[in-house]
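Residue strings, one per chain:
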Amino acid sequence: GQNIDQPTEMTATEGAIVQINCTYQTSGFNGLFWYQQHAGEAPTFLSYNVLDGLEEKGRFSSFLSRSKGYSYLLLKELQMKDSASYLCAVRDGAGSARQLTFGSGTQLTVLP
Amino acid sequence: DVKVTQSSRYLVKRTGEKVFLECVQDMDHENMFWYRQDPGLGLRLIYFSYDVKMKEKGDIPEGYSVSREKKERFSLILESASTNQTSMYLCASSLTGDRNNSPLHFGNGTRLTVT
């Protein structure tokens, strides 16, 4: 089976840096995704990692260690609009038709 | 931009009713998915389809069925709605199966309440 863990809630201050961790135990591995979901809206794609290391995209970066079953999403220069739920998801098999398994999400609150 | 459109934003149905949730995508994606999202449980996969008339069960298919008669449309059916099916339902689509990095594109969701 699949098991994906991430913290339920985090709070940070505008302008700061926050790291959201995700650990996973899956029967296979073909990539890890991070999504952002604002309240009442659809999840939107942020990043994808399949090899170990850091992927940077503007203020957002995502890191993967396959041997440790661990990823994190790093948000820099936090803005109020970054308040949202952040979802970690793992693709277990080959090909995009294979399902993604999602964590429960981390609700990030950015305070002024 | 990919657009995934779900026919209803909010639905209220009675226990025992048959419920249809419709989803249409406009980017010729082969793969389509139905998830439900509940507090503390995250997104859970109900069914997915990788081609017209093809379907596969996800993690929680019980009480649901699906239909994919056309490539752009994927319907979720609750044969006899029950109160434990009150939830947010999210439809998603993605590109073809050779691409591991193809992300899911989600619709805005249908909040279903069964009374």
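Structural data are supplied above this passage.
Keep in mind that what you see is a predicted model, and the values were worked out from it rather than measured.

Peer 1: Quick rundown of the overall build of chain B? Include the residues and the values.
Peer 2: Along the backbone of chain B there are zero helices and eleven strands. Listing the helices and strands of chain B from first to last along the sequence gives β-β-β-β-β-β-β-β-β-β-β. Along the longest, intermediate and shortest principal axes, the C-alpha atoms of chain B span 40 × 30 × 25 Å. Burial analysis of chain B (115 residues in total) assigns 47% to the buried set.

Peer 1: Outline the interface of chain A and chain B, supporting the account with residue identities and numerical values.
Peer 2: Each partner contributes to the interface: chain A provides 22 residues, whereas chain B provides 30 residues. Contact between chain A and chain B buries roughly 1800 Å² in total, counting both sides, with carbon and sulfur atoms accounting for 50%. Between the two partners, chain A and chain B, sit zero salt bridges. Our enumeration of links across chain A and chain B arrives at five residue pairs in polar contact (both at pLDDT 80 or more). Only strand 4 (32–37), strand 5 (44–49), strand 9 (84–91) and strand 10 (100–102) of chain A provide two or more residues apiece to the side of chain A that touches chain B. The residue makeup of the side of chain A that touches chain B, split by class, is eleven nonpolar, nine polar and two charged.

Peer 1: Now, about the sheet that holds strand 3 (residues 19–25) of chain B: what can you tell me, with residues and values included?
Peer 2: Residue and element names in this part refer to chain B. In spatial order, the strands read 1-3-8-7; together these four strands make up an open sheet with antiparallel pairing. Where the open sheet ends on each side, the last strands, each with one partner, are strand 1 (4–6) and strand 7 (64–70). Strand-to-strand twist in this sheet, taken as the mean axis angle between neighbours without regard to direction, amounts to 20°. Where strand 1 meets strand 3, three bridges bridge the pair, whose relative direction is antiparallel. Counted as the bridge partner of Thr 5 is Val 24 from strand 3.

Peer 1: Describe unusual backbone geometry, listing the residues and the values that go with them.
Peer 2: A positive phi angle is found at A:Glu77, which is not glycine, with a value near 45°. Within the element layout of this structure, A:Glu77 appears in the loop between strand 8 (70–75) and strand 9. Given the relative accessible area of 53%, A:Glu77 is considered exposed. At B:Asp28, a position not held by glycine, the phi torsion is positive, near 60°.

Peer 1: Summarise the state of the cysteines; cite the residues concerned and give the values.
Peer 2: All names here are of chain B. Scanning the model with the defined rule gives two disulfides over all chains in all. Linked covalently through their sulfurs, Cys 23 and Cys 91 form a disulfide whose S-S length is 1.9 Å. Classification of the bridge connecting Cys 23 and Cys 91 rests on its S-S torsion, roughly -80°, and on that basis the disulfide is left-handed. Here Cys 23, found in strand 3, pairs with Cys 91, found in strand 9 (residues 87–94); they are 68 residues apart in sequence, far enough to count as distant.

Peer 1: Please set out the packing of aromatic side chains residue by residue, giving values where relevant.
Peer 2: Tallying each qualifying case throughout the model produces 16 aromatic pairs over all chains. Linked through ring pairs, A:Phe33, A:Tyr35, A:Phe45, A:Tyr48, A:Phe102, B:Phe33, B:Tyr35, B:Phe48 and B:Phe106 together constitute an aromatic cluster.

Peer 1: Any chance you could break down the environment of B:Leu104 for me, citing the residues and the numbers?
Peer 2: Residues and elements named next belong to chain B. When you line up the elements, Leu 104 lands in the loop between strand 9 and strand 10 (105–106). When its relative accessible area of 1% is taken as the criterion, Leu 104 is described as buried. Spatially, the C-alpha atoms of Leu 104 and Thr 83 are 28 Å apart, while their sequence positions differ by 21 residues.

Peer 1: Give me the lowdown on the pairing of strand 8 of chain A, citing residues and values where you can.
Peer 2: Residue and element names in this part refer to chain A. Burial of strand 8 is extensive: five of the six residues sit out of reach of the surface. In this structure, strand 3 (residues 18–25) lies alongside strand 8, joined through six bridges in antiparallel fashion. Bridge assignment links Thr 23 to a residue of strand 8, and that residue is Tyr 70. In the sheet, strand 7 (residues 60–65) pairs with strand 8 via six bridges, with the strands oriented antiparallel. For Ser 65, the partnering residue across the bridge sits in strand 8 and is Tyr 70. Linking two consecutive strands that pair antiparallel, namely strand 7 and strand 8, is a turn of four residues; a positive phi of about 60° is found at Gly 69 within it.

Peer 1: I'd like a rundown of the side chain of B:Arg68, residues and numbers included.
Peer 2: Residue and element names in this part refer to chain B. Looking at where Arg 68 falls in the secondary structure, it is placed in strand 7. No salt bridge forms around the buried Arg 68; measuring N to O, its nearest opposite-charge neighbour Asp 51 is 6.0 Å away. Of note is the side chain of Arg 68, whose polar atom sits 3.3 Å from the backbone oxygen of His 29.

Cut-offs and rules
Residues numbered from 1 in each chain as written. Chains lettered and ligands numbered in written order. Predicted model: local features only at pLDDT ≥ 70, side-chain atom pairs only at ≥ 80, totals over all residues. Heavy atoms only, no water. Helix = DSSP H or I, 4+ residues; strand = E, 2+ residues; numbered from the N terminus. Buried < 20%, exposed > 50% of the residue type's maximum accessible area, 1.4 Å probe, protein only. Contact = heavy atoms within 4.5 Å. Buried area = accessible area lost by both parts, 1.4 Å probe. Salt bridge = Lys/Arg side-chain N within 4 Å of Asp/Glu carboxyl O. Polar contact = N/O pair within 3.5 Å; in protein donor to acceptor, adjacent residues only side chain to side chain. Nonpolar A, V, L, I, M, F, W, Y, C, P; charged D, E, K, R; others polar. Pairing = 2+ DSSP bridges. Axes fitted to C-alpha atoms, helices over the stretch in contact; angles between N-to-C directions. Disulfide = S-S within 2.5 Å. Phe/Tyr/Trp six-rings, centres within 6.5 Å; stacked < 30°, edge-to-face > 60°. Lys, Arg positive; Asp, Glu negative; His and termini not counted.

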